[in-house]
Amino acid sequence: MGASQTRTEDVFQELSDKTGFSLEQIRILHRRFRQLSGDEDTISKENLEKIQALDKNPIRNQIIEAFFDKRNQNDGEVGSSREIGFQQFVKVMCHFKPPTLKMTTEDKEAMRREKLRFLFNMHDTDNDGTITLDEYRKVVEELLSKSGAIGLEAAKAIADAAMLEVASINVPHMEPHEFYEGITFEHFEQILKGLEMESRMNIRFLDVDTSTMHCGKSQ
């Protein structure tokens, strides 16, 4: 085994230790990464935009942006990267994996919170800690208008009404003159409380089915 291959295997082992992916799963992800990048060491947003399976996804832009959002790479940084390497790619992919049967209740709750934070980041596009009406409206408009069922103005009206309902739930005693600044992460958790998402939040558009790639150490 050459020195270069040895270094690659060392990187794979380190990623396996950090993420809970098996070495074989790391190799599968690496092959797909090289396909997407054109056999380069990094991938760009343009690389992901070429994925045909994403073309009709109503939140295509948010999914692509999520891969380059530094908040999702667990390095304690904020902002957006122009390109990402394989290690960052794997860290983002780990958000889409279901829990293992052997995970403790505490581990499952931690995973759920990480997935919620990932979803929250997708909508909190300016990284100010809240999903504002404009950000929320944009997502709802894209989801509804791209379905072809209703027009843009109707989508805006539905988005506004939905945000008012969220405000009434999160701040039930808000005075008429008060302004609802937006959905905080704590509010976001409450809105999705009770929704089973740990095993539902997976990804297949990369030709890698994460629903069978369990995250975390086996106990």
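1. What to know about the side chain of Glu-135
So, step 1. Note on placement: Glu-135 falls in helix α7 (residues 133-145).
So, step 2. For Glu-135, which is buried and forms no salt bridge, the nearest opposite charge comes from Arg-71, at a distance of 7.6 Å.
So, step 3. Engagement of the side chain of Glu-135 in a polar contact is seen with the backbone nitrogen of Asp-126, the distance being 3.2 Å.
So, step 4. Engagement of the side chain of Glu-135 in a polar contact is seen with the backbone nitrogen of Thr-132, the distance being 2.9 Å.

2. Focus on the pattern of salt bridges
So, step 1. Applying the stated rule across the entire model yields 11 salt bridges.
So, step 2. Of the charged contacts in the structure, one is a salt bridge between Arg-27 and Glu-24, with a shortest N-O distance of 3.9 Å. With Arg-27 and Glu-24 both in helix α2 (residues 23-37), this residue pair falls 3 residues apart, about one helical turn.
So, step 3. Judged by its relative accessible area of 27%, Arg-27 falls in the partly exposed class.
So, step 4. Among the salt bridges present, the one from Glu-77 reaches Lys-70, with a minimum N-O distance of 3.8 Å.
So, step 5. Since its relative accessible area comes to 43%, Glu-77 is described here as partly exposed.

The rules behind the values
Here, residues in each chain are numbered from 1, in the same order as that chain's written sequence. Thresholds applied to this predicted model are a pLDDT of at least 70 for local features of residues and 80 or more for the giving and counting of side-chain atom pairs; totals over whole chains, interfaces and linings are not thresholded and use all residues. Hydrogens and water molecules were not included; the side-chain quantities draw on all heavy atoms of the structure. Numbering of helices and strands runs from the N terminus; a helix is a DSSP stretch of H or I covering at least four residues, while a strand is a stretch of E covering at least two. Three labels apply to residues, based on accessible area from a 1.4 Å probe with only protein chains included: buried if under 20% of the type maximum, exposed if over 50%, partly exposed otherwise in between. The sign given to each residue is positive for Lys and Arg and negative for Asp and Glu; His and the chain ends receive no count. Salt bridge, as applied in this entry: a Lys or Arg side-chain nitrogen positioned within 4 Å of an Asp or Glu carboxyl oxygen. The term polar contact refers here to a pair of N or O atoms within 3.5 Å; inside protein, the definition further demands a hydrogen-donor-capable atom paired with an acceptor-capable atom, and it admits residues adjacent in sequence only when both atoms are side-chain atoms.

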